[in-house]
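# Secondary and tertiary structure notes
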Amino acid sequence: MGLIGSRILRATVASTVVLVACQSDGQDSSDTDAGSTSESAGTTASGSGSDSTDTDSGTDTSTSTEPATFALICDEAGASLVRDDEALLRLPQDAFMLGVVDAIDDDLSYDPAHDLDVQWLAPTTVECEPDGPTLRLTYDAETSATVAFEAVATGRFAAKWTTSGATVAAFRVRARVDASEGFYGLGEVFDTPSHRGKVRALQLEPDFSYESQNNEAHVPVPLLIGTRGWGVFIEDPHPGVFAVATEAADVVEITMGVGADGVDGLAFHLYGAEHPLDIPARYYATTAWPITPAPWALGPWIWRNENDDQAQVLADAEMIRSLDLATSALWIDRPYATGVNTFDFDPARYPDPAAMIAQLRALGFRLALWHTPYVSNKDEPAPALYDEALMSGYFPPAAGLVLNGWGLPIDLSNADAYDWWQSLLASYTEMGIEGFKLDYGEDVLAGLGAARLEWSFADGSDEHTMHSRYQLFYHRAYAELLPPEGGFLLARGGTYGDQANVSVIWPGDLDADLSHAGDAGADGLAVGGLPAAVAAGLSLGPSGFPCFASDTGGYRHSPPDKETFTRWFQHTALSVVMQVGTGASDVAWEGTVANGFDDEMLGWYREFARLHLRLFPYLWTHLQRVGVDGRPIMRALGLAYPELGVHPPDVYLLGDDLLVAPVVDAGATTRTLTAPPGVWVDWFDGSILSGGDMGGETVTVDAPLSKLPLWLREGGIVPLLRPTIDTLSPTTAPASVDSYATAPGVLYPRVVPGPASSVELFDGGELEQSWSGAELSLHVRPGSIFVDGAVFEVMTIVAPPVAVTLDGAPLPEAASVAALDGAPGWVHTGDRGGTLWVRLPPGDHEALASF
């Protein structure tokens, strides 16, 4: 692995070796590390993949004007990851423990979530050799190991731990960390995205205490981020466990059960950054940069758990447009085919799918389908496909416990089976299906407790690694068939590197209520409802999956009631992807005795669905930036502001400038949170939330059922689409459907005036504002897409200006906000603490308002 545009400085002082990676241009190579085990398809979010920590985000609290220097220091005490003169993470002598056995027992799973039948050895001596550098570890007379480090790029160090002598069945890393910092990453979790005091398994495990009968580890990622600005990534698909500050406040213990594969050693990576939000970029550069969905895939989406037929799908589409509910896409969940995965539409219920797709496109919708990696020997014509797969050897050669009701998964590690499956899927994609909701595919377990459940696959692998890697084959088979401009792939499961295949994660079947994960329920411990959805999104963002979409309203124990559904759509409107559907097939316009939906709630839903769609320029700009700076879009408060020392599971930033505090408790009409530094303005009424210079004050705000606690940062600029927008999808009937794809139209930046700030949009355009207290400057520079000018909404302007100029010439005052649709001008209104509206024409223009 070479350093592009970099130099490595290696200094030896006595027995200490310092390894420093310095980038000459301050940016990291976009190349993925050689030897990465990820299997990917698609393009990166931006096509570059540069690893840059230079960002305008107000959440970066670093005050240094010089880039930090990151070093790996090795000596006789072990190894340390250092930023400038500050040790971020230490690996002392006992950090490298080996689990040894007399011989590998082929009947054991070696899953460290259960008791490992191994003897743990700690090194008795450590020597540091300057070549590499390399740590040489001695355990006993027969057992030794080396840990070879390599500087890859700025803040990125790769390590390979290999052994000789005893038979090694498990590796354990015992890192020393700060006793008070927070921890994020590790993939999707439902209780809290902050991991201090938690034991996290890296594999789906049976757990019969939960109503789902499993531990809900659908997207485990072996990347842990410390809020002091470090990360550790275990590049290994074997079963593992992270015990995060459970033994002691300053100890993180990582155990990997490798079984017979111990002879291959353990690969891991250490990352350093100036802010913890910048660690994911290091991880992406090691594995793969995340794929970006099609623009329309951000939603809103609407779906029913079961559609009656083609007529109902089209009736829903017509109803959505007649009720003025902003929506970009639909998907059809099962059943729609003749049988499970028969790659057709049941002609009795879907007599003309091509005509259905054409009509949906005219109404400005894109269409996706639910799918799984199985063929069944039931329901004609499925048995013919099953027989073909069986005769051709497309099933795994050996299979353990099968967890679904249809049969064995297709062995997609078999190249012929892979090609066959894609040829079947083409019957849908060639018809105009542009996305898939991928369910199940989680049959391969690492074991049942300590016992092995033996699987084997065509590529020679077994369940020890395929419990993780099967997701890569499964998702890649679909990702490669999507349109080159994106498409939509929504997956329940995932693993490290899978962000190159899966554009959106959904958390599976959450409870249709406001329960917290682990609450006692009639059927066991709750999976969790809305609180679990929020935690899942905040845990996935820094773990490599920037796009997340929970079932708005939940799934288990559906239907949700009015309160649950309202609080849920308020949250999903302020997430990257909004998808709306429940296990009871509830839609916002169909009230029942069971769900209590009414016209009042439908009005709220209309408001928040359109807000989500209008946020597209803001969200898409941040999504494109993920491919440059790697920063998650949904950022837990404790990760964005580690200096606060608090880690709530349900308060987050959406991008740089929006603070969101969803109401997740039943019956609550207020919301308590810790204020971050700075001044924040309520999105809806213009009231002020002040965190001062340091933040940290606990505040309580009103939050009636109609209200989402949402604030815009002072100096923040949030570009919005026009208020009338219906869809992001193309339409073949533009006269009746207001589509972004037809006309991006005028931008509507919402601004809280403050010190000079700017935002560069995804199309290269730029918006600027500055406020001195006596003069306000607003500046728009067009990009390649938004070329029709802008209507600025400037909040907290109590009194109207005495004069407004456009490029130095007087700008006339308009009679109303509506009058700004026709010509440049300005108007002042009394809403949201006083709002100044300024319309700028197409081109590069600046308006100055004097007070």
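In this report, we go over the structure that sits alongside the text.

Rules of the game
- Residues numbered from 1 in each chain as written.
- Predicted model: local features only at pLDDT ≥ 70, side-chain atom pairs only at ≥ 80, totals over all residues.
- Heavy atoms only, no water.
- Pairing = 2+ DSSP bridges.
- Helix = DSSP H or I, 4+ residues; strand = E, 2+ residues; numbered from the N terminus.
- Axes fitted to C-alpha atoms, helices over the stretch in contact; angles between N-to-C directions.
- Contact = heavy atoms within 4.5 Å.
- Salt bridge = Lys/Arg side-chain N within 4 Å of Asp/Glu carboxyl O.
- Buried < 20%, exposed > 50% of the residue type's maximum accessible area, 1.4 Å probe, protein only.
- Core = buried A, V, L, I, M, F, W, Y, C linked by side-chain atoms within 4.5 Å.
- Expected span 1.5 Å × (residues − 1).
- Bend = angle between axes of the 7 residues up to and from the residue.
- Patch = residues over 30% accessible without salt bridge, like charges linked within 9 Å, V, L, I, M, F, W, Y side chains within 5 Å.
- Areas by Shrake-Rupley, 256 points an atom, 1.4 Å probe, with all protein chains shown as cover.
- Lys, Arg positive; Asp, Glu negative; His and termini not counted.
- Charge placed at Lys NZ, Arg CZ, Asp CG, Glu CD.

A sheet is described by the order of its strands in space; here eight strands give the open sequence S8-S9-S10-S11-S19-S16-S15-S13, paired in antiparallel fashion. Lying at the two open borders of the sheet, with one neighbouring strand each, are strand S8 (125–129) and strand S13 (183–187). Here the average twist between neighbouring strands, direction ignored, is 20°. The pairing of strand S11 (residues 156–164) with strand S19 (residues 266–272) spans six bridges and is antiparallel. Looking at the pairing, Phe 157 lines up with Leu 270 of S19. Those strands touched by helix H1 (residues 279–286) are S11, strand S15 (220–226), strand S16 (230–234) and S19, and its axis lies near 145° from that of S19.

Note that Gly 259 resides in the loop between strand S18 (251–257) and S19. In the structure, Gly 259 is positioned 150 residues away from Ser 109 in sequence and 7.5 Å away in space, judged by C-alpha atoms. Not counting residues within four places of it along the chain, the set of residues in contact with Gly 259 comprises Ile 104, Tyr 110, Val 168 and Ala 169.

On to the pattern of salt bridges. Applying the stated criterion to the full structure yields 42 salt bridges. Its salt-bridge partner being Arg 492, residue Asp 439 comes within 2.7 Å of it at the nearest N-O pair. Separated by 53 residues along the polypeptide, Asp 439 in the loop between strand S23 (435–438) and helix H6 (463–479) and Arg 492 in the loop between strand S24 (488–491) and strand S25 (504–505) bring together distant segments of the chain. For the pair formed by Asp 439 and Arg 492, the shared burial category is buried.

Turning to the nonpolar core, a few remarks are in order. Within the largest apolar cluster, 192 residues are counted, with the highest numbers of intra-cluster contacts made by Trp 421, Phe 436, Leu 574 and Leu 658. Sequence-distant contacts of Leu 574, defined by excluding residues within four places in its chain, comprise Leu 611, Leu 615, Tyr 652, Leu 654, Leu 658, Val 660, Leu 708 and Leu 710. If you look at the next biggest cluster of nonpolar residues, it comprises 50 residues, including Phe 149, Val 168, Ala 175 and Val 244.

Take H6 next. The end-to-end C-alpha distance of H6, which contains 17 residues, comes to 23 Å, matching closely the 24 Å that a straight helix rising 1.5 Å per residue would cover. The largest bend in H6 is about 45°, located at Arg 469. In terms of residue burial, H6 counts as a mostly covered element, since 17 of its 17 residues are buried.

For the rest of this paragraph, the subject is a negative patch on the surface. On the surface, a cluster of negative charge is made up of Asp 105, Asp 107, Asp 117 and Glu 454. Here Glu 454 falls in the partly exposed class, since its relative accessible area comes to 46%.

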